[in-house]
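What the coordinates show
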Amino acid sequence: MKILLTGATGFLGKYVIDELKNNSYQVVAFGRNEKIGKTLIDENVEFFKGDIDNLDDLYKASQDCSAVIHAAALSTVWGLWEDFYNVNVIGTKNIVQVCEEKKLKLVFVSSPSIYAGAKDQLDVKEDEAPKENDLNYYIKSKIMAENIIKASNLDYIIIRPRGLFGIGDTSIIPRLLELNKKMGIPLFVDGKQKIDITCVENVAYSLRLALENKEHSREIYNITNGEPIEFKEILTLFFNEMETEGKYLKWNYNLVLPLVSFLEKVYKLFRIKKEPPITKYTLYLMKYSQTLNIDKARKELGYSPKMSILEGVKNYVEHSKKNDRKS
Ligand SMILES: NC(=O)c1ccc[n+]([C@@H]2O[C@H](COP(=O)([O-])OP(=O)(O)OC[C@H]3O[C@@H](n4cnc5c(N)ncnc54)[C@H](OP(=O)(O)O)[C@@H]3O)[C@@H](O)[C@H]2O)c1
């Protein structure tokens, strides 16, 4: 069975390719990055260089495919609306058009960022997502993408995986570790807010389960490691494995919030593409608890995390140490 995978050149994409290949699927790895495409070809993966804003590319790439996993996105907390709109909204619209015409099943990688807000949220269920959330353009575009899929007549499954981490991650964990080196990590509630994170391997696994599920269609599933943990506790796990000390800064939320809001307004007004030092979205993550309920995925997809947080942390640190020794 051949699967078209968008976002194949990204962090998650690499793991989805492995998950599919290890389970006897053929993959058409879709993306624009030729350098990564070349490494995929070297690993005997079919690479299609294409852009999801180009329908023609998608029609050609999906030839002989029986399903699509759509993981491509502009996945960042800051940027211009037109960029998010083109990739995340129009790109998804194009994928839906191709899937509808060719009668392909669609598995879409959305994001639990859409739940984000200035409040503690524990054990959030899939149907608790707000209809609108303008906290940032990424969130807004993911909600619009989900709505396009829901309005289609496709056989689809939407996965909302929380805070991916693993080898090859370039965002969450590396950024925190870098911050620790440079100035320290700001804490607002002594790092006691509860969060969920997910080993990237588990997310790839959940996508395969979604792909293979025949009993449930047109459903949405949260995916996490099922191990809610305090923010400072997860940092401590990393620092212990790295045999280093965490440096923490005690910040006052009520002083920082107006400053961050002001900065965001200025950056938006002048259409500055570069990310502000801190955004409201990140601030909320650092202050409020947010954990997700994954009962539905456990029950209907048969999902159960394969890798624990501790294993994921150990793998990550071991790999970084090896890389440090090489360089
Ligand atoms: N990382 C997380 O913590 C997290 C959490 C929840 C949900 N997600 C979702 O998971 C998915 C994968 O995230 P990731 O962390 O792997 O992101 P990533 O590393 O930034 O990868 C993004 C992927 O999207 C592709 N892409 C972007 N624009 C494209 C375009 N116009 N045409 C074709 N491909 C395009 C990129 O390929 P090229 O550059 O080669 O074109 C790349 O393969 C995304 O949908 C993201 O929203 C991520």
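Here's a quick rundown of the structure. (Residues numbered from 1 in each chain as written. Predicted model: local features only at pLDDT ≥ 70, side-chain atom pairs only at ≥ 80, totals over all residues. Heavy atoms only, no water.)

1. Brief notes about helix 6 (residues 172-182)
All of the buried residues in helix 6 are I173, L176, L177 and N180. Down the axis of helix 6, the smallest arc covering the buried residues is 95 degrees, so these residues share one side. Against the buried residues of helix 6 lie strand 8 (164-165), strand 9 (185-187), helix 8 (231-242) and helix 12 (309-326). (Buried < 20%, exposed > 50% of the residue type's maximum accessible area, 1.4 Å probe, protein only. Helix = DSSP H or I, 4+ residues; strand = E, 2+ residues; numbered from the N terminus. Arc of directions from axis to C-beta. Contact = heavy atoms within 4.5 Å.)

2. Some thoughts on the packing of aromatic side chains
One pass over the full model with this rule turns up 13 aromatic pairs. Consider the rings of F30 and F48, whose centres lie 5.7 Å apart with planes at 10 degrees: the pair is stacked. Of this pair, F30 sits in strand 2 (residues 26-31) while F48 sits in strand 3 (residues 46-49), placing them 18 residues apart in sequence. Taking the relative accessible area as the measure of exposure, F30 reaches 2% and is therefore buried. An aromatic cluster is built from F188, W251, Y253, Y284 and Y288, whose rings are joined through pairwise contacts. Across the ring face of Y248, the terminal group of K232 is positioned such that the distance to the ring centre comes to 4.8 Å. Between the NZ or CZ atom of K306 and the centre of the ring of Y205, over which it lies, the distance is 4.3 Å. (Phe/Tyr/Trp six-rings, centres within 6.5 Å; stacked < 30°, edge-to-face > 60°. Lys NZ or Arg CZ within 6 Å of the ring centre and 35° of its normal.)

3. What to know about a negative patch on the surface
Side chains of D123, D127, E128 and D295 sit close together on the surface and give a patch of like negative charge. Assignment of secondary structure puts D123 in strand 6 (residues 121-124). (Patch = residues over 30% accessible without salt bridge, like charges linked within 9 Å, V, L, I, M, F, W, Y side chains within 5 Å. Areas by Shrake-Rupley, 256 points an atom, 1.4 Å probe, with all protein chains shown as cover. Salt bridge = Lys/Arg side-chain N within 4 Å of Asp/Glu carboxyl O. Lys, Arg positive; Asp, Glu negative; His and termini not counted. Charge placed at Lys NZ, Arg CZ, Asp CG, Glu CD.)

4. Digging into the pattern of salt bridges
Counting across every chain of the model gives 16 salt bridges. For the salt bridge of D42 with K38, the shortest nitrogen-to-oxygen distance reads 3.3 Å. Of the two residues, D42 and K38 both sit in helix 2 (residues 34-42), 4 residues apart, roughly one turn of that helix. Each of K14, D18 and E43 takes part in a single network of salt bridges with overlapping partners.

5. Considering the nonpolar core
By size, the foremost hydrophobic cluster in this structure holds 38 residues, and its most contacted members are F165, F231, I234 and F238. Only helix 5 (137-151), helix 6, strand 9, helix 8, helix 9 (253-269), helix 10 (280-287) and helix 12 provide two or more residues apiece to this core. Broken down by element, this core gets its largest block of residues, 5 residues, from helix 8. (Core = buried A, V, L, I, M, F, W, Y, C linked by side-chain atoms within 4.5 Å.)

6. Concerning the sheet that holds strand 7 (residues 156-161)
Here we have 7 strands laid out as an open sheet, ordered 3-2-1-4-5-7-12, and parallel in their pairing. Bordering the open sheet on either side are strand 3 and strand 12 (219-223), each of which pairs with just one other strand. If you compare each strand with its neighbour and ignore which way they point, the axes differ by 20 degrees on average. Bridge count between strand 1 (residues 2-6) and strand 4 (residues 67-70): 4 bridges; the pairing is parallel. (Pairing = 2+ DSSP bridges. Axes fitted to C-alpha atoms, helices over the stretch in contact; angles between N-to-C directions.)

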